[in-house]
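# A look at the structure
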Amino acid sequence: MKAMAAFSTFVSTVTALTTVAVLGLTAGCGEVGAGGASRPARGEGKNELDAVRVLGSARLVHAELGAHEVPGFRVERAAAGAAGNGRPRTERVACRALAEALGSEPRPAPYATVVTTFARLGKGGERAGFEGLMGMIRLSSYEGDGAGATVRGLRDAASSCADGFRMRTGEGVPQEFSAVRVLPAGVPSGLGDEAVALRLENAAERAPSLITAVRSGRTLAMFFATSLSDPEGVEVPAAVLRAQMAKLSAPRVASPVPPSASVPAESGEAEDAAGA
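An account of the accompanying structure is given in this report. Computed from a predicted model, the values in this text were never measured in an experiment.

## A word on the overall build of the protein
When helices and strands are counted, the protein shows eight helices and eight strands. Across the 276 residues in the protein, those meeting the buried criterion constitute 53%. Accessible surface computed for the protein: about 11700 Å², of which carbon and sulfur atoms make up 52%.

## Some details on the packing of aromatic side chains
Within the structure shown, the criterion is met by two aromatic pairs. Ring geometry for Phe73 and Phe118: centres 6.3 Å apart, planes at 75°, overall edge-to-face. A residue pair is termed long-range when its members are at least 10 positions apart, and Phe73 in strand β1 (residues 73–78) and Phe118 in strand β2 (residues 112–122) qualify at 45 residues. Residue class for Phe118 comes out buried when judged on its relative accessible area of 2%. Judged by centre distance (5.2 Å) and plane angle (40°), the ring pair of Phe165 and Phe177 falls under tilted. Of this pair, Phe165 sits in strand β4 (residues 165–168) while Phe177 is found in strand β5 (residues 174–182), placing the two residues 12 residues apart along the sequence. With respect to class, Phe165 is no different from Phe177; both count as buried.

## Notes on helix α6 (residues 238–248)
Within α6, the full set of buried residues consists of Val240, Leu241, Gln244, Met245 and Leu248. Projected onto a plane normal to the axis of α6, the buried residues spread over an arc of 120° and lie on a single side.

## Thoughts on the state of the cysteines
Evaluated as defined, the whole model comprises one disulfide. Disulfide pairing places Cys95 opposite Cys161 at an S-S distance of 1.9 Å. Taking the torsion about the sulfur-sulfur bond, which here is approximately -110°, the covalent link between Cys95 and Cys161 counts as left-handed. Linking Cys95 in the loop between β1 and α4 (96–101) with Cys161 in the loop between α5 (146–160) and β4, this pair joins segments that are 66 residues apart in sequence. Take Cys161: its relative accessible area is 0%, and that puts it in the buried class.

## A short note on the nonpolar core
With 32 residues, the main nonpolar core has Phe118, Ile137, Leu139, Val214, Phe223, Val240 and Met245 as its most contacted residues. Elements supplying a minimum of two residues to this core: α3 (57–63), β1, β2, β3 (125–141), β6 (194–202), β7 (209–216), β8 (219–227) and α6. At four residues, the largest contribution of residues to this core is made by α6. In this structure, Ala99, Ala101, Met136 and Ile211 belong to the second largest nonpolar core, which totals 27 residues.

## What about the pairing of β5?
As paired elements, β4 and β5 share four bridges and run antiparallel to each other. In the strand pairing of β5, Met167 is matched with Gln175. Between the antiparallel neighbours β4 and β5 lie five residues, among them Gly172 with a positive phi of about 90°. Pairing of β5 with β6, which is carried by five bridges, proceeds in the antiparallel orientation. When the bridges of β6 are listed, Phe177 appears paired with Asn202.

Cut-offs and rules
- Residues numbered from 1 in each chain as written.
- Predicted model: local features only at pLDDT ≥ 70, side-chain atom pairs only at ≥ 80, totals over all residues.
- Heavy atoms only, no water.
- Helix = DSSP H or I, 4+ residues; strand = E, 2+ residues; numbered from the N terminus.
- Buried < 20%, exposed > 50% of the residue type's maximum accessible area, 1.4 Å probe, protein only.
- Areas by Shrake-Rupley, 256 points an atom, 1.4 Å probe, with all protein chains shown as cover.
- Phe/Tyr/Trp six-rings, centres within 6.5 Å; stacked < 30°, edge-to-face > 60°.
- Arc of directions from axis to C-beta.
- Disulfide = S-S within 2.5 Å.
- Core = buried A, V, L, I, M, F, W, Y, C linked by side-chain atoms within 4.5 Å.
- Pairing = 2+ DSSP bridges.

Take a look at the structure:
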């Protein structure tokens, strides 16, 4: 599809984003209260976290947005490596969480991951084609505190790398960001247990890369977005954020069974049978 091709081109051009999260698109601080882009985690003791079960791929698939589920947008399923192959690298240790979020091998490694892309439709809907806003959503589940550690890593890296950083994509392509900014109103109030929203300014491209990460229990939703036609007005749409987090909380998704060493999460059949 043309939107997917354009998105892939964007990702390759910008940084082969994977997480950016858009940056997950094709290729992700400070503490802010209600309506802020970054919120501290709600208190979660070790016992509480251990009681949260891990979603496998079969469950995450149920949380994917449908093609026409968000009015005004087209959503498509994508391959896990749509955001770029391999792990981006940077010599600035403090910025590694940001660089790695834009690749296909994030750390900590997730237990399971599914990826979709989205594009804003023109005023005439499908027949009018797509506007410049394109993005990616990466849903990942983690064992232990991987989801929370990812959000904290992005928040800390944004603070340390406000002046930008250089990196190489997983394919070895040089990429430079001139600045990293926290978006104080990038996440609607009440979504998830904690969240962070960032804007990465591309030194060589007009289009910035947005990364928004929202954690819900042990599952992390990363939204990546960019706009070639309106770089100043680019956003991770609130409608997409709300729809995705609501879908992730739906009963069919939110009542999983614990991961089993004998049944890989990627297969999904046993997991769905247990949750039926």
